[in-house]
Amino acid sequence: MYDFAYEKPSSLADAVASLKANLDSKALAGGQTFIPVLKQRLNKPSVVVDLAKLNLKGITVTPTTVTIGAMTTHGEIALSADIQKTLPALAHMASMIGDWQVRHRGTMGGSLANNDPSACYPSALLALDGTITTDRRTIKAEDFFQGMFTTALEDGELITSVSFPVPEKAAYTKFRNPASRYAMVGVFVAKFAAGVRVAITGASQSGVFRHTAFEHALSAHFAADAIKDIVTPANGLNSDIHASAPYRAHLIGVMTKRAVIEALS
Amino acid sequence: MNAVFEGIGASVRRKEDLRFISGRGNYTDDINRPNQAHAIIKRSDRPHARIISIDTAAARAAAGVVAVFTHVEIEADALGGVPCGWQIHSKDGTPMAEPMHPILASGKVRHVGDPIAVVIAETRQQARDAAELLEIEFEDLPAIASVRDAIRPGASQIHDGVADNTCFDWHIGDKAIVDAAFARAHRTVKLDLTNNRLVPNAMEPRAAIGEFDAMSQDYTLYTTSQNPHVIRLLMGAFVLHLPEHRLRVVAPDVGGGFGSKIYHYAEEAIVTWSAGKLKRPVKWTCDRTEAFLSDAHGRDHDSTAEMALDAQGNFLALRVATIANMGAYLSTFAPAVPTYLSATLLAGVYKTPAIYAEVRAVFTNTVPVDAYRGAGRPESTFLLERLMDVIAAEIGMDRIALRRQNFIPADAFPYQTPVALQYDSGDYQTTLTSALKAADWDGFPARRAKAAARGRLRGIGCSTYVEACGIAPSKLVGQLGARAGLFEVAQVRVHPTGSVTVFTGTHSHGQGHETTFAQLIADQLGVAFKDVDVVHGDTNKIPFGMGTYGSRSLAVGGAAMVKAMDKIIAKGKKIAAHLMEASVEDIEFAAGKFSVAGTDKVKTIAEISLAAYVPHNYPIDEIEPGLEETAFYDPQNFTFPGGCHICEVEIDRETGHVEVINFTAVDDVGRVINPMIVEGQIQGGVAQGIGQALLEHAVYDSEAQLVSASFMDYQMPRAGDLPNISVGTETTLCTHNPLGVKGCGEVGAIGSPPAVINAVVDALRDYGVRHIDMPASPQKIWAIINANALPLAAE
């Protein structure tokens, strides 16, 4: 990595001030993406502001809402008895991220702020119609994701927590990239009284997206059969050595079907 | 005393593991020398380009920089290029094209990763910073990644003077006899196949530290090598022009090699030479991306195989044509891999009477390719064992019956193949029978039906193979083009109180030699296992050695130990005869005791060694004091492990994902010293074989950029990708080495890939699939299923 200054403020205001004051500053959450990027010299920050002392950890579960502090790790989410009970699909998703070492360091806030097009959480946030709370405002999921590695966050804006409405039923299924184990296609299906939302990660060139054709069909009839004749178009989907766009399009159907079956089980 | 048996045949726990699993190994990167500087290698990001200029001024002026060297300084010091250790001659008798392989690129870069300059600074960070300040102007040239593109008319020429990018065009076997057999054949079966390119990816990346002592003028190189003496020879004699007594090479703990650490690499010469120029130690440690771009890759063969058969399914003749990718330069043993390590195995376990093989080796703008676990034998085994299943399907014969009918029978050994090798022993029917039973082959149809009921496609496949290891008789390999001998050396030192140190020219980089060899010594000399230490990896300690590769350590290195121990015992008998006032002819040695035949007189080996080192009462006129012997052992032949691997898979037909359900290996590796270590070696080899078959692929794009240059895109096998691997052995002894051992390090990687692919093809039999090239990725399987859409019965 390149040399940089390191700060570890103990208040949110100080952290935000520090990020604002320094051009090319970067926030460090769990570092599971950022530190490898630094080590490969793909990023040259002037200051790295470590968020570890900001008290942004914590899980609050009510019958209608799950709220998770931005610095809560995937491991804590995966092992939370409250989340396992109230929103098991989210705990299950967290348990499938990386390996134990990654899950013990990586954070939900860090992952969402990074908006890697192959990350898992964006699909949960979008399908559950969650809300991001930052140091200055709240942002709805629909408005938050703005294409791969791009979000609505302003310079120096920090996610403090994320809240998810509790659905009637939900499930996440993931077909892993064989090498990286990121989502090659990840599907989060959430059934609410108002209808079904389906969010797909890993597949599209523009990051996480809602599959409206599936949503209409599943809102009308929440069963695997409901989507069996819907063909997902391949255009706009990623194509790489592991999966062509048509293969990803096919997997979206398969993994959605499996998510519906799992949600119903 | 009820001592636990720790000799030959005991599953003694590996004594080195405490060190390794508690983080107390001593790897090259753990070593830091006083006042050392750090080197960063600036590598080409272009696959093929002319170097117009290199401006080092800014880098030299950067903070902490000690030196920046390019080809200019290398050429001023008249250093040699990286040498090749094996010379192949083409069909027409001309020697292979052997273009200069400069240690820092001169004139041109020929692959992404080609070293251009070395930046040496007080810290690694400073060296890295300064390396970014190098200004290199290139003129890009058309780049070639695939062997087919390399030989296309009008293809860009990678080396001056190497027409058609062809290194050699070699052949073996009798073409006329083979052509005649094809002409009269009842039918022929032909198969085109590719052996996928792999990146070895040892857990420990390469590292090297050069050191120079201005007083003695001695150089030391610490390096991640499987064969320190070979590095001393190649680097000293050919690159740096240093005599052996001025150059010490140390290969301390090494974290995996799989072949990739056999070769002499430019970085070793760069740090050693730089240390001499700068009069201070210079350290270089590779990072993982650099490893992808600079460690020799493996495999990458394109082949066409054709079998001629009679009406009863007997093989009449085999014809094979292979194009082998050498990469941009010739790595140390690269030319031997597709030729004498692969084409000579094309008889396999079959009595095919006539074989003709052609191998064309070509240069491309890719990382050099060399031996990787199995080295040529996985390629020939994959070719043959895929061909077996295709033949069986096409002539309508059971694939097991076809194999059995064509096996070399157990009573036909020694068996001379039509492609140079003479197998000394083996029993292929027995290993097959044993594996079929262990894998419950006969019960498969029921398991397939059950899987189908769950909506899954289940397949089973087998491979019956033989390989050649224990490389090899020096005279023979010399005739075949090796530029070195291939013997092994052991020095056995019995200390005054009877403990033993054995110095071996082989090298352990995960194989457990410290345990296996200690067992061998303990067993043969009758001393306690705990009283034996094994020393390897230092040219200043070990008399000589050719190192560890080709599963040779026990078959060749262990045999050298037996020879040295024979000398110890012979000398001990003389000492014992003197001490017990008997005739030497009457002294017997067994279980660590010298006894006088027919009496109860006995002396332990400890008593004999004490007498040898405290020779108060000693036949000093007849023999020297001390009890230490050195032996050089040159084998009479290769060894020929073989066996049968059976793989059972299930395919998710919606996603194309292949799950390996069961894997059974029954191997004949000759006598087994430590069954637990053999099991581990075979399981490790099978893991890599499953990796090759299903997961691993070094992918170059058409511009010769390595697309899979990190673990984000290169899929190493993980524990979760692997089934329980059941290992069994059926033993026939090697007839020409004193232990009867054959070698077990590579059989797993050699036998397994075709078993996996045969299982995958079997699972997809309803889809009309004839062959699938490796890796059988989910995408590839799905494409097959999708293109041959059958109704999805489960829906």
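Since we're looking at a predicted model, the values are computed, not measured. (Residues numbered from 1 in each chain as written. Chains lettered and ligands numbered in written order. Predicted model: local features only at pLDDT ≥ 70, side-chain atom pairs only at ≥ 80, totals over all residues. Heavy atoms only, no water.)

**Quick notes on the overall build of chain A**
Next up, step 1: Regarding its fold elements, chain A presents 11 helices and 12 strands.
Next up, step 2: Since a compact globule built from 265 residues should have a radius of gyration of about 18 Å, the 18 Å found for chain A is in line with a globular shape.
Next up, step 3: Its C-alpha atoms put chain A at 55 × 45 × 30 Å along the principal axes.
Next up, step 4: For chain A, buried positions account for 54% of its 265 residues. (Helix = DSSP H or I, 4+ residues; strand = E, 2+ residues; numbered from the N terminus. Rg over C-alpha atoms; globule rule 2.2 N^0.38 Å. Buried < 20%, exposed > 50% of the residue type's maximum accessible area, 1.4 Å probe, protein only.)

**A few points about the overall build of chain B**
Next up, step 1: Broken down by element type, chain B carries 20 helices and 28 strands.
Next up, step 2: Along the longest, intermediate and shortest principal axes, the C-alpha atoms of chain B span 90 × 75 × 55 Å.
Next up, step 3: Across the 795 residues that make up chain B, the buried fraction comes to 63%.
Next up, step 4: Counted over contacts in chain B with a minimum sequence separation of 6, partners at least 24 positions apart contribute 80%.
Next up, step 5: For chain B, the accessible surface area stands at approximately 27900 Å², while carbon and sulfur atoms represent 52% of it.
Next up, step 6: Distance between charge centres in chain B, computed from 71 positive and 93 negative side chains, equals 2 Å. (Contact = heavy atoms within 4.5 Å. Areas by Shrake-Rupley, 256 points an atom, 1.4 Å probe, with all protein chains shown as cover. Lys, Arg positive; Asp, Glu negative; His and termini not counted. Charge placed at Lys NZ, Arg CZ, Asp CG, Glu CD.)

**Considering the pattern of salt bridges**
All names here are of chain B.
Next up, step 1: The full count for this structure, using the stated rule, is 66 salt bridges over all chains.
Next up, step 2: As a salt-bridge pair, aspartate 17 and arginine 14 come within 2.9 Å of each other at their nearest N and O atoms.
Next up, step 3: Given a relative accessible area of 24%, aspartate 17 falls into the partly exposed group.
Next up, step 4: When the shortest N-O distance is used, the salt bridge between aspartate 253 and arginine 19 registers 2.7 Å. In this pair, aspartate 253 is assigned in the loop between strand E11 (247-250) and helix H8 (266-278) and arginine 19 in helix H1 (residues 17-21), connecting sequence segments 234 residues apart.
Next up, step 5: Residue classification places arginine 19 among the partly exposed positions, given a relative accessible area of 24%. (Salt bridge = Lys/Arg side-chain N within 4 Å of Asp/Glu carboxyl O.)

**A few points about the sheet that holds strand E3 (residues 47-50) of chain A**
Residue and element names in this part refer to chain A.
Next up, step 1: Taking strand neighbours across the sheet as the criterion, the three strands line up as E1-E3-E2 in an open arrangement whose pairing is parallel. Taken across any chain shown, the strands that pair with only one partner, and hence form the sheet edges, are strand E1 (5-7) and strand E2 (26-28). When strand polarity is set aside, the average angle formed by the axes of neighbouring strands in this sheet is 25°.
Next up, step 2: Strand direction decides the pairing type here: E1 and E3, joined by three bridges, are parallel. Following the sheet pairing, tyrosine 6 is matched in E3 by valine 48.
Next up, step 3: Running over the sheet, helix H1 (residues 12-21) touches E1, E2 and E3 and is turned about 165° from E3. (Pairing = 2+ DSSP bridges. Axes fitted to C-alpha atoms, helices over the stretch in contact; angles between N-to-C directions.)

**Re the nonpolar core**
Residues and elements named next belong to chain B.
Next up, step 1: With 134 residues, the main nonpolar core has Trp86, Tyr423, Leu694, Val760 and Leu764 as its most contacted residues.
Next up, step 2: Beyond its immediate sequence surroundings of up to four residues, tyrosine 423 is in contact with Leu345, Ala347, Gly348, Ile408, Phe413, Pro414, Tyr415, Thr417, Tyr428, Val466 and Phe640.
Next up, step 3: One finds Phe529, Met561, Ile608 and Ala631 within the second-largest nonpolar core, a separate group that totals 49 residues. (Core = buried A, V, L, I, M, F, W, Y, C linked by side-chain atoms within 4.5 Å.)

**A few points about helix H10 (residues 212-220) of chain A**
Next up, step 1: Among the residues of H10(A), those classed as buried are Phe214(A), Glu215(A), Ala217(A) and Leu218(A).
Next up, step 2: Buried residues along H10(A) sit in contact with strand E11 (195-201), strand E12 (209-210) and helix H11 (245-264) of chain A.

**Some remarks on the sheet that holds strand E13 (residues 301-309) of chain B**
Residues and elements named next belong to chain B.
Next up, step 1: Strand order in the open sheet formed by five strands is E7-E15-E14-E13-E8, with mixed pairing between adjacent strands. At either end of the open sheet lies a strand with only one pairing partner, and these are strand E7 (166-173) and strand E8 (187-195). With direction set aside, neighbouring strand axes in the sheet form an average angle of 10°.
Next up, step 2: With 10 bridges joining them, strand E14 (residues 315-327) and strand E15 (residues 354-363) adopt parallel strand pairing. Considered in E15, the bridge of asparagine 325 is made with valine 362.
Next up, step 3: Here helix H6 (residues 175-184) sits on the sheet and contacts E7, E8, E13, E14 and E15; the angle it forms with E14, its principal contact strand, is near 125°.

**Side note on the side chain of Glu746(B)**
Residues and elements named next belong to chain B.
Next up, step 1: Here glutamate 746 is to be found in the loop between strand E28 (725-729) and helix H19 (747-763).
Next up, step 2: Residue classification places glutamate 746 among the buried residues on the basis of a relative accessible area of 7%.
Next up, step 3: In this structure the side chain of glutamate 746 is engaged in a polar contact, spanning 2.9 Å, whose partner is the backbone nitrogen of glycine 374.
Next up, step 4: A polar contact of 2.7 Å, which involves the side chain of glutamate 746, links it to the side chain of arginine 377. (Polar contact = N/O pair within 3.5 Å; in protein donor to acceptor, adjacent residues only side chain to side chain.)

**Observations regarding the domain arrangement of chain B**
All names here are of chain B.
Next up, step 1: Parsing chain B into structural domains produces domain 1 (17-22 + 487-633), domain 2 (31-141 + 203-256 + 261-294) and domain 3 (301-471 + 637-787).
Next up, step 2: Here the C-alpha centre of domain 2 lies 39 Å away from the C-alpha centre of domain 1.
Next up, step 3: Taken together, the 17 residues of domain 1 in the interface contact 18 residues of domain 2.
Next up, step 4: Between domain 1 and domain 2, roughly 1400 Å² of surface is buried when both sides are summed, and carbon and sulfur atoms account for 54% of that area.
Next up, step 5: Among the residues domain 1 hides against domain 2, the three largest losses belong to His507, His509 and Thr539. Together they make up 39% of the total.
Next up, step 6: Counting every contact that joins domain 1 to domain 2 gives two salt bridges.
Next up, step 7: Put simply, domain 1 and domain 2 have 10 residue pairs in polar contact (both at pLDDT 80 or more) between them.
Next up, step 8: Here the side of domain 1 that touches domain 2 is composed, by residue class, of six nonpolar, nine polar and two charged. (Domains from an automatic or database assignment. Buried area = accessible area lost by both parts, 1.4 Å probe. Nonpolar A, V, L, I, M, F, W, Y, C, P; charged D, E, K, R; others polar.)

**Structural notes on empty space enclosed by the protein**
Residue and element names in this part refer to chain B.
Next up, step 1: Per the stated rule, a full pass over the model turns up six cavities of 30 Å³ or more.
Next up, step 2: There is about 190 Å³ of room inside the largest cavity.
Next up, step 3: Those elements that provide at least two residues to the lining of the largest cavity are H8 and helix H9 (288-294).
Next up, step 4: For the lining of the largest cavity, the class distribution of residues is 10 nonpolar, seven polar and three charged.
Next up, step 5: Counting the residues that make up the lining of the largest cavity, at least three belong to each of domain 2 (31-141 + 203-256 + 261-294) and domain 3 (301-471 + 637-787).
Next up, step 6: The calculated volume of the second largest cavity comes to roughly 130 Å³.
Next up, step 7: Every residue lining the second largest cavity is counted, 18 residues in all, and those nearest its centre are His301, Ser303, Thr322, Glu379 and Leu383. (1 Å grid on protein atoms, 1.4 Å probe; cavity = no way out; pocket = protein on both sides within 12 Å on 5 of 7 lines; lining within 4 Å. Points joined across faces, edges and corners; volume = space filled by probe spheres on them.)

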